Amino acid sequence: MNKLNSQKIKSDFPILNQKINRHDLVYLDNGATTQKPNAVINAISNYYSHDNSNTHRSVHELASRATIQYEHARTITAKFIGAKTEEIIFTSGTTDSLNKLVNSLKHQLKKGDEIVLTEMEHHSNIVPWQQVAKETGAVIKWIPITDDFRLDLTTISKLITTKTKILSLTHVSNVLGTINPVKEIIKEAKSINQNVIAIVDAAQSVPHISVNVTDLGCDFLAFSAHKAVGPMGVGVLFGKSQLLVNLEPNHTGGGMVLEVTKDNTTFNQAPYKFEAGTPNVAGAVGLAAALTYLSKLTMNAIEQQMHDLTVYGLEQLNTVHGLNIIGSKDAKNRAPVFSFTIKGMHPHDIGEILNSHGVAIRGGHHCAMPLFKRLKLNGASRASAYIYNSKEDIDQLIVAIKAAQKIFGVDK
Amino acid sequence: MNIANPTDLSTSQLTEEQEIYKENIIDHYKHPRNKKKLENATHKENGINPMCGDHITIYLIIKDNKIEEITFTGDGCAISQASVSLLTDELLGKDLDFAKKITDQNVYDLLGIPISHTRTKCALLSIKTVQKAINLNQ
């Protein structure tokens with residue numbers, strides 16, 4: 001297997017070639033969003049420079065090019081996650097994907113039905129379900145986490161019942177870096193109740209590990225382009241074709257219909273019936289360029305590099321006095337997402353001092369307040385690595401953390 | 001410190017992080033002044049900065065338009081906590097009009113450090129909460 005050359009990859013990303021506060025930029029906020037390679041920037045620029053038009057509407061040359069590129073992006077996306085082309089719905093991002101899905105599924109929910117989530121969900125996989133639970137009387141149950149920041153798999157046999165309608169869970173935690181055994185969990189859930197609809201939030205997993213919807217056995221899966229070197233404002237909702245047939249669209253308007261009379265409307269088939277309005281064609285083109293870029297590196301090589309960074313990052317962070325890693329210290333089934341707290345320092349002060357060293361990280365509750373409540377924490381700092389990060393970047397992170405501790409007098 | 005005379009910000013000898021985390025700020029963060037609950041407060045108000053998760057409660061005893069006592073409780077980043085510590089020190093014994101007239105710039109001057117765009121909410125949580133307490137409870 002080829003090994004990734006992070007230095008060479010870095011040179012594909014123009015934004016990374018800059019100084020912040022007189023230091024080379026070390027970008028470690030990839031859990032929030034990744035940077036974009038020239039391949040993606042140029043694809044979007046070329047689209048707007050040569051091919052821009054609305055899709056599926058006019059017969060002129062540009063409309064044809066735009067439509068072909070948009071549908072080609074759908075094919076590339078489908079291949080990337082092992083789906084069929086017609087199973088790919090373009091959305092504005094993971095949050096949009098989940099909201100659209102939840103609002104379409106709510107017609108199938110009634111009082112007393114159960115929705116099973118996990119304690120490590122992002123708000124985007126909690127809040128829409130809470131809204132629907134209030135509306136329908138459905139009940140939310142939670143798969144707890146263990147002291148090693150993994151899902152407690154022993155609870156699944158009790159939590160999944162004949163009343164369970166939905167199992168919706170994250171593939172990789174944006175806070176803990178835990179890679180959940182989604183395939184096994186879905187398998188167990190469906191063996192207890194074959195009607196459970198299994199939904200995967202793959203926002204953090206698609207960039208990091210090979211994701212194959214057939215292998216996972218999920219019914220729906222959501223992710224965003226921007227966390228996988230693609231543009232902001234475009235995302236994907238995968239749905240099994242036989243389930244999309246009966247799923248009601250909740251966004252309606254132009255582009256998703258076959259016939260409209262004054263009294264009635266016949267919807268187009270999936271995926272078009274879920275894509276009302278003018279789509280984000282440039283976004284889809286950018287997403288296709290991003291997935292093509294990652295495919296060329298190969299997801300196997302990316303997975304290996306992510307694992308190496310996880311091992312090295314945990315090793316180095318463990319040496320820092322007074323630093324507490326919020327996540328498993330075992331690099332197995334773990335992504336290079338390093339949340340941590342430092343005794344005597346607030347995450348935003350840490351972030352500010354790291355910034356003065358050119359190191360970009362995030363601080364706060366990372367849109368996972370129930371998880372932080374469970375962990376009895378107000379917030380944490382988070383350094384999250386990606387393909388252009390090297391061991392030297394981790395070293396610079398450690399240098400900056402130690403400098404911050406010195407300023408606050410908590411280095412000993 | 002007198003807020004009528006802005007602090008001299010000529011700190012060109014210092015690096016950026018030393019500029020913002022000057023000794024005085026770290027001192028107020030680690031050893032906050034006036035940090036206690038006031039059971040007999042005449043005015044009380046909570047303030048939250050959702051971005052940082054900073055939260056404070058301001059307690060005041062106001063008699064004849066004068067701030068006889070001002071304390072706080074809370075938790076948050078060094079900027080928010082140093083700001084409220086410094087401000088409570090500043091306002092103790094002053095009359096209400098003085099407190100009402102304090103501007104954002106006065107608070108920055110009191111802190112004596114450069115406040116970046118992302119940290120203005122941390123720095124100003126103190127004065128916003130104090131002024132809310134005074135205005136709402138009059």
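Residues numbered from 1 in each chain as written. Chains lettered and ligands numbered in written order. Predicted model: local features only at pLDDT ≥ 70, side-chain atom pairs only at ≥ 80, totals over all residues. Heavy atoms only, no water.

## So, the overall build of chain B
Threshold: Strands are runs of DSSP state E lasting at least 2 residues, helices are runs of H or I lasting at least 4, and numbering of each runs from the N terminus. Under the scheme applied here, a residue whose accessible area is under 20% of the maximum for its type counts as buried, over 50% as exposed, and between as partly exposed, the area being computed with a 1.4 Å probe on protein chains only. Should any heavy atoms of two residues lie within 4.5 Å, those residues are considered in contact.
Looking only at helices and strands, chain B features six helices and three strands. Helices and strands in chain B line up, N terminus first, as α-α-β-β-β-α-α-α-α. Per-residue burial for chain B yields a buried fraction of 49% across its 138 residues. In chain B, the proportion of contacts linking residues at least 24 apart, taken out of those at least 6 apart, comes to 62%.

## Description of the side chain of B:Thr71
All names here are of chain B. The condition is simple: N or O atoms closer than or at 3.5 Å make up a polar contact, with two conditions inside protein: a donor-capable atom paired with an acceptor-capable one, and, for residues adjacent in sequence, both atoms drawn from side chains.
Mapped onto the secondary structure, Thr 71 falls in strand β3 (residues 66–75). Looking at Thr 71, the relative accessible area reads 1%, which means it is buried. Polar contacts involving the side chain of Thr 71 include one to the main-chain carbonyl oxygen of Lys 36, which spans 2.8 Å. Contacts of Thr 71, omitting those with residues within four sequence positions, involve Asn 34, Lys 36, Lys 37, Leu 38, Thr 57, Ile 58 and Tyr 59.

## So, the sheet that holds strand β1 (residues 43–49) of chain B
Residues and elements named next belong to chain B. Operational definition: The rule for pairing is simple: two strands pair if DSSP sees at least two bridges between them. For helices, the fitted line uses only the C-alpha atoms of the stretch in contact; every axis is such a line through C-alpha atoms, and the angle between N-to-C directions lies from 0 to 180 degrees.
The strand order across the open sheet formed by three strands is β1-β2-β3, and the pairing between neighbours is antiparallel. The open sheet terminates on both sides in strands that have one partner only, identified here as β1 and β3. On average, each strand axis in the sheet is tilted by 20° relative to the strand beside it, whichever way the strands run. Direction of pairing for β1 relative to strand β2 (residues 54–63): antiparallel, over a ladder of seven bridges. Across the sheet, residue Lys 44 finds its bridge partner in β2, namely Tyr 59. Of the strands in this sheet, β2 and β3 are in contact with helix α3 (residues 78–91), which crosses β3 at around 165°.

## Regarding helix α3 (residues 61–80) of chain A
Side chains three or four residues apart in an α-helix point the same way, a direct result of the helix having 3.6 residues per turn. Residue and element names in this part refer to chain A. Rules: Multiplying 1.5 Å by the residue count of a helix minus one yields the expected span of that helix.
End to end, α3 covers 28 Å across 20 residues, agreeing with the expected 28 Å (1.5 Å per residue, within 8%). Burial in α3 covers these residues: Ala 63, Ala 66, Thr 67, Tyr 70, Glu 71, Ala 73, Arg 74, Thr 77, Ala 78 and Phe 80. Looking at the buried side of α3, the elements it contacts are α2 (38–51), β4 (88–91), β9 (220–224), β10 (235–239), α10 (281–297) and α11 (299–317).

## Structural notes on the pairing of strand β11 (residues 257–260) of chain A
All names here are of chain A. Looking at chain direction, β11 and strand β12 (residues 265–267) are connected through three bridges and run antiparallel. Bridge pairing in β12 places Val 257 opposite Phe 267. Hairpin remark: β11 followed by β12, antiparallel, with four residues in the connecting loop.

## Brief notes about the sheet that holds strand β6 (residues 139–143) of chain A
Residue and element names in this part refer to chain A. Read from one edge to the other, the open sheet built from seven strands follows the order β4-β10-β9-β8-β7-β5-β6, with strand pairing classed as mixed. The open sheet terminates on both sides in strands that have one partner only, identified here as β4 and β6. Taking each pair of neighbouring strands and ignoring which way they run, the sheet shows an average axis angle of 20°. Here five bridges tie β9 to β10, and the two strands are oriented antiparallel to one another. Counted as the bridge partner of Ala 222 is Leu 237 from β10. Each of β4, β9 and β10 touches α3; the most contacted strand, β4, lies at about 115° to it.

## Topic: the pairing of β4(A)
All names here are of chain A. Here β4 shows no split at all, with Ile 88 and Phe 90 on one side and Ile 89 and Thr 91 on the other all buried. Of the strand pairs in this sheet, β4 and β10 are connected by four bridges, and their pairing is antiparallel. When the sheet's bridge partners are listed, Ile 89 is paired in β10 with Leu 237.

## As for the domain arrangement of chain A
A common way to express how large an interface is: the accessible area buried when the components associate. Residues and elements named next belong to chain A. The test is simple: For the purposes of this description, domain bounds are those given by an automatic or database domain assignment. When two parts are put together, the accessible area they lose, computed with a 1.4 Å probe and summed over both, is reported as buried area. We define a salt bridge as a contact between a side-chain nitrogen of Lys or Arg and a carboxyl oxygen of Asp or Glu at a distance within 4 Å.
Partitioning chain A into structural domains gives domain 1 (6–30 + 298–407) and domain 2 (41–295). When each unit is reduced to the centre of its C-alpha atoms, the spacing between domain 1 and domain 2 is 28 Å. Across the contact, 37 residues belong to domain 1 and 30 residues belong to domain 2. Between domain 1 and domain 2, roughly 2800 Å² of surface is buried when both sides are summed, and carbon and sulfur atoms account for 58% of that area. If you sort the residues of domain 1 by the area they bury against domain 2, Met 299, Leu 371 and Arg 374 come out on top, with a joint share of 21%. Seen at the junction of domain 1 and domain 2, the total is one salt bridge. Where Glu 119 meets Arg 374, a salt bridge forms, and the shortest distance between an N and an O atom there is 3.2 Å.

## A short note on the interface of chain B and chain A
Note the threshold: Any residue outside Ala, Val, Leu, Ile, Met, Phe, Trp, Tyr, Cys, Pro, Asp, Glu, Lys and Arg is labelled polar, Gly included; the first ten of those are nonpolar and the last four are charged.
At the junction of the two partners, chain B supplies 18 residues and chain A supplies 16 residues. For the pair chain B and chain A, the summed buried area comes to about 1400 Å², and 51% of that belongs to carbon and sulfur atoms. One can count two salt bridges joining chain B with chain A. A salt bridge links A:Glu352 to B:Arg119; the nearest nitrogen and oxygen atoms lie 2.5 Å apart. Looking at the side of chain B that touches chain A, the elements that each hand over two or more residues are α1 (16–20), α2 (23–30) and α3 of chain B. In terms of residue class, the side of chain B that touches chain A is made up of ten nonpolar, two polar and six charged.

## What about the packing of α2(B) against α3(B)?
All names here are of chain B. What counts here: When an angle is under 35 degrees it counts as roughly parallel; over 145 it counts as roughly antiparallel; between 65 and 115 it counts as roughly perpendicular; any other value is oblique.
Contact geometry of α2 with α3 gives a least axis separation of 8 Å together with a crossing angle of 85°. Relative to α3, α2 is oriented roughly perpendicular. The segment α2 lies against α3, with Asn 24, Ile 25, His 28 and Tyr 29 engaging Ala 78, Ile 79, Gln 81, Ala 82, Ser 85, Leu 86 and Asp 89. The class makeup of the residues in the contact of α2 with α3 is six nonpolar, four polar and one charged.

## Some details on the pattern of salt bridges
Residue and element names in this part refer to chain A. Tallied over the full model, the rule gives 26 salt bridges over all chains. Of the charged contacts in the structure, one is a salt bridge between Arg 74 and Glu 275, with a shortest N-O distance of 2.8 Å. One end of the pair, Arg 74, is in helix α3; the other, Glu 275, is in the loop between β12 and α10, with 201 residues separating them in the sequence. What makes Arg 74 buried here is its relative accessible area of 1%. Classification of Glu 275 by relative accessible area gives buried; the value is 10%. The shortest N-O distance in the salt bridge between Lys 100 and Asp 96 comes to 3.0 Å. Of this pair, Lys 100 and Asp 96 both sit in helix α4 (residues 94–105), separated by four residues, roughly a single helical turn. What makes Asp 96 buried here is its relative accessible area of 18%. Members of the salt-bridge network, linked through shared partners, are Asp 51, Glu 61 and Arg 65.

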